[in-house]
Amino acid sequence: MTTTNAALYERAIRVIPGGVDSPVRAFRAVGGTPKFFAEAQGAYVTDADGVRYLDFVGSWGPLILGHSHPVVVKAVQEAAARGMTYGAPCRGEVDLAEKVVAAYPGLEQVRFVSSGTEATMSAIRLARGATGRDLIVKFSGCYHGHADHLLVAAGSGLVTHGQPSSAGVPADFAALTRVLPLDDDQKLKALFASEGQKIAAVIIEPIPANNGLLLQRLEFLQLLRKLTQESGALLIFDEVISGFRVGLGGAAALYGITPDLATFGKIIGGGMPVGAYGGSRQLMKHIAPEGPVYQAGTLSGNPVAMAAGLATLKVLHEEKAWARLEDLGAQLEAELAPVLKSAKAPCGLVRVGSIAWIALQAGVVRSAEALDNGAGERYKPIFHGLLERGIYTAPSAYEVMFLSLAHTPAEITRFVTGLGEVLAGQ
Ligand SMILES: *Cc1c(COP(=O)(O)O)cnc(C)c1O
């Protein structure tokens, strides 16, 4: 039987590379055909064949209120009716900028862009422009979007000169990026001792959530703050996932560490394409038109996207979202504990607030180097087992789950029961 899904995929692979507009959506890692979604409401997505799934991907992070929240939908409809884009300043940008600035430690100004990638790319350009230095430091396993100098990873081992992790990124370009393992104080100290005066910025996901959930020791993040401060390098917190997800002030407030620059995306766009980067007025004054660091965008600060972001932040406040999300997360953790314990192969739950990761390995994992490469293979039947039970999780063992305000305690239990059945059958 040919399903609508299969027919769409057949058409898609002819005209879109791999049939998808972002590689994470493909089912390469788990096998099978990606689901084409036709509709989404609250905690549920419905595919092109009318099959409904309880969703724990949440479009990879933005949908902290769940899909199609009525307040957000109404705000978007009203904004769209007043104009899709002006190419000139509008009130929504000012309103949202004030909210982001007020929420985040040390932030005095933000610039809106259209994606998280643009935000990190622009923050790096600003860091280089403001410091007059060229070197960038990133950590292996941290994802910062697909800008050239950030598409660099490194094998384990000593401090490595960046190797491009994508074709099309010149080696000379990647050579300006240093890659360090997370959770390694010694390598961090060694790099700063040898090249500290040349480093423009260190960029990190303070809550690394793109390669498992590699929660860092507070001391490691504090050391990073200390070393960057001493050497005149800027510290960039990439809070595209964690911003407004783990609390109003993101990871910076959670850990009590104020970075020099921060990047945002996902939640602040409420499901529309948005990114932002910000810092002190002193740093942000380097950005055009005030300063010499150029950055621009036809659709930046788009009125419809601003309306979606503002509506999302409003509901987060009104619903006391972070306390409720923590309760849901705690429930997941408590109910899942016996299930994971009785599984035949080692597994555990890593969680911060509403971000959760099922680690298919034993022990605490704090770096990409400590990830078990075998997890991908073990995850395949788990993913498909959940899918058969109407539960949609990310098609990769190394991606996290996102809880939203639309999830109820009963739906958390449904996930736990489903995963329990799947693990028991293994
Ligand atoms: C998603 C993500 C990005 C990239 O954002 P896009 O909107 O996909 O370009 C950057 N950094 C982090 C931490 C992310 O999770």
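Since this is a predicted model, take the numbers as computed values, not measurements.

Thresholds applied
Numbers given for residues are sequential positions, taken from 1 along each chain in its written order. Selection of residues for local features in this predicted model requires a pLDDT of at least 70, selection of side-chain atom pairs for listing and counting requires 80 or more, and totals for whole chains, interfaces and linings are taken over all residues. Each side-chain value is worked out from all heavy atoms of the structure, with water and hydrogens disregarded. Think of it in three bands: residues with accessible area under 20% of the maximum for their type are buried, residues over 50% are exposed, and the middle band is partly exposed, with areas taken using a 1.4 Å probe on protein chains only. Comment: elements are numbered from the N terminus, with helices defined as DSSP H or I runs of at least four residues and strands as E runs of at least two. At least two bridges found by DSSP between two strands is the condition for calling them paired. Place the viewer so that the strands point away; then a crossover is right-handed whenever the path from the first strand over the helix to the second strand goes clockwise. Each domain span listed reflects an automatic or database assignment of domains. A contact between two residues is defined here by any heavy atoms of the two lying within 4.5 Å. In this description, buried area is defined as the sum, over both parts, of the accessible area (probe of 1.4 Å) that is lost when the two are combined. When we say a residue is near a molecule or strand, we mean one of its heavy atoms is within 4 Å of it. Nitrogen and oxygen atoms within 3.5 Å of one another constitute a polar contact, given that in protein one can donate a hydrogen and the other can accept it, and given that sequence-neighbouring residues count only through two side-chain atoms. For this classification, Asp, Glu, Lys and Arg are treated as charged, while Ala, Val, Leu, Ile, Met, Phe, Trp, Tyr, Cys and Pro are nonpolar and the rest, including Gly, are polar. Cavities and pockets were defined on a 1 Å grid built from protein atoms only: a cavity is a group of points that admits a 1.4 Å probe but offers it no way out, a pocket is an open group of points flanked by protein on both sides within 12 Å along at least five of seven lines, and a lining residue is one with an atom within 4 Å of any such point. Grid points are joined across faces, edges and corners, and a volume is the space filled by probe spheres set on the points. For this analysis, a salt bridge means a side-chain nitrogen from Lys or Arg found within 4 Å of a carboxyl oxygen belonging to Asp or Glu. Aromatic pairs are defined between Phe, Tyr and Trp rings, using the six-membered ring for Trp, whenever the two ring centres lie within 6.5 Å; interplanar angles under 30 degrees are classed as stacked, those over 60 as edge-to-face, and all others as tilted. Summary of the metric used: pLDDT quantifies the predictor's per-residue confidence within the range 0 to 100.

Caption draft 1: Main features of the pairing of strand S12 (residues 261-265). Counted residue by residue, S12 has five buried out of five residues, so it is predominantly covered. Of the two faces of S12, the one carrying Leu261, Thr263 and Gly265 and the one carrying Ala262 and Phe264 are both buried. Examined bridge by bridge, strand S11 (residues 234-238) and S12 share three bridges and lie parallel to one another. Looking across to S12, one finds that Ile236 is bridged to Leu261. Once you follow S11 into helix H8 (residues 250-255) and on to S12, the crossover reads as right-handed.

Caption draft 2: Seen up close, the domain arrangement of the protein chain. Looking at the protein chain, the domain boundaries give domain 1 (4-68 + 320-424) and domain 2 (70-317). One C-alpha centre belongs to domain 1, the other to domain 2, and the line joining them spans 25 Å. Taken together, the 28 residues of domain 1 in the interface contact 36 residues of domain 2. Counting the surface lost from both domain 1 and domain 2, the interface buries some 2,700 Å², and carbon and sulfur atoms represent 67% of this.

Caption draft 3: Geometry of the site of the ligand. In the vicinity of the ligand, the contacting residues are Ser115, Gly116, Thr117, Tyr143, His144, Gly145, Glu205, Asn210, Asp238, Val240, Ile241 and Lys266. Contacts to the ligand include Tyr143, whose backbone N or O atom sits 3.4 Å from a nitrogen atom. Interatomic distance of 3.0 Å between a side-chain N/O atom of Asn210 and an oxygen atom of the ligand. When the residues that make up the shell around the ligand are grouped by side-chain class, the tally is three nonpolar, six polar and three charged.

Caption draft 4: Quick look at the pairing of strand S2 (residues 44-47). By the alternation rule, side chains of S2 split into Tyr44 and Thr46 and Val45 and Asp47, which are all buried. Examined bridge by bridge, strand S1 (residues 37-41) and S2 share four bridges and lie antiparallel to one another. Bridging across to S2, Ala40 finds its partner in Val45. Taken together, S1 and the strand that follows it, S2, pair antiparallel across an intervening segment of two residues, in which Gly42 is found at a positive phi of about 55 degrees. Across three bridges, the pairing between S2 and strand S3 (residues 52-55) is antiparallel. What sits directly across from Thr46, in S3, is Arg52. The loop that links S2 with its antiparallel partner S3 comprises four residues; one of these, Gly50, has a positive phi angle of about 85 degrees.

Caption draft 5: Region of interest: the layout of surface pockets. Taken as a whole, the second largest pocket encloses approximately 600 Å³ of empty space. Considering the residues around the second largest pocket, the lining is formed by 27 residues, among which Glu93, Val110, Arg111, Phe112 and Ser300 are closest to the centre. Looking at the lining of the second largest pocket, the elements that each hand over two or more residues are helix H3 (91-103) and strand S4 (109-113). By residue number, the principal contributor to the lining of the second largest pocket is S4, which donates four residues. Residues belonging to the lining of the second largest pocket are distributed by class as follows: 15 nonpolar, nine polar and three charged.

Caption draft 6: Structural view of the pattern of salt bridges. Tallied over the entire structure, the rule returns 15 salt bridges. Of the charged contacts, one joins Asp260 and Arg225 as a salt bridge, the two residues approaching to 2.8 Å between their closest N and O atoms. Of this pair, Asp260 sits in the loop between H8 and S12 while Arg225 sits in helix H7 (residues 218-231), and the two are 35 residues apart along the sequence. Accessibility expressed as a relative area gives 21% for Asp260, which makes it partly exposed.

Caption draft 7: Quick peek at the packing of aromatic side chains. In the structure shown here, the tally under the stated rule is eight aromatic pairs. Here Tyr104 and Phe264 contribute two aromatic rings whose centre-to-centre distance is 5.0 Å and whose plane-to-plane angle is 85 degrees, an arrangement assigned as edge-to-face. Placement of Tyr104 in the loop between H3 and S4 and of Phe264 in strand S12 is noted, with a sequence separation of 160 residues between them. Consider the rings of Phe139 and Phe220, whose centres lie 5.7 Å apart with planes at 75 degrees: the pair is edge-to-face. Residue Phe139 is located in strand S5 (residues 135-139), and its partner Phe220 is located in helix H7; the two are separated by 81 residues in the primary sequence. Residue classification places Phe139 among the buried residues on the basis of a relative accessible area of 0%.

Caption draft 8: Examining the sheet that holds strand S15 (residues 355-359) more closely. Pairing is antiparallel across the open sheet formed by three strands, whose spatial order is S14-S15-S17. A single partner strand is all that each edge strand has here, and the edge strands are strand S14 (348-352) and strand S17 (401-402). Note that S15 and S17 share two bridges and pair antiparallel. Its bridge partner being in S17, Ile355 is matched across the sheet by Phe402.

Caption draft 9: Expanded view of the confidence of the model for the protein chain. Averaged over all residues, the pLDDT of the protein chain is 95; the fraction at 70 or higher stands at 97%. The model gives residues 154-160 a pLDDT under 50, and that stretch makes 15 contacts with residues more than four places away or in other chains.

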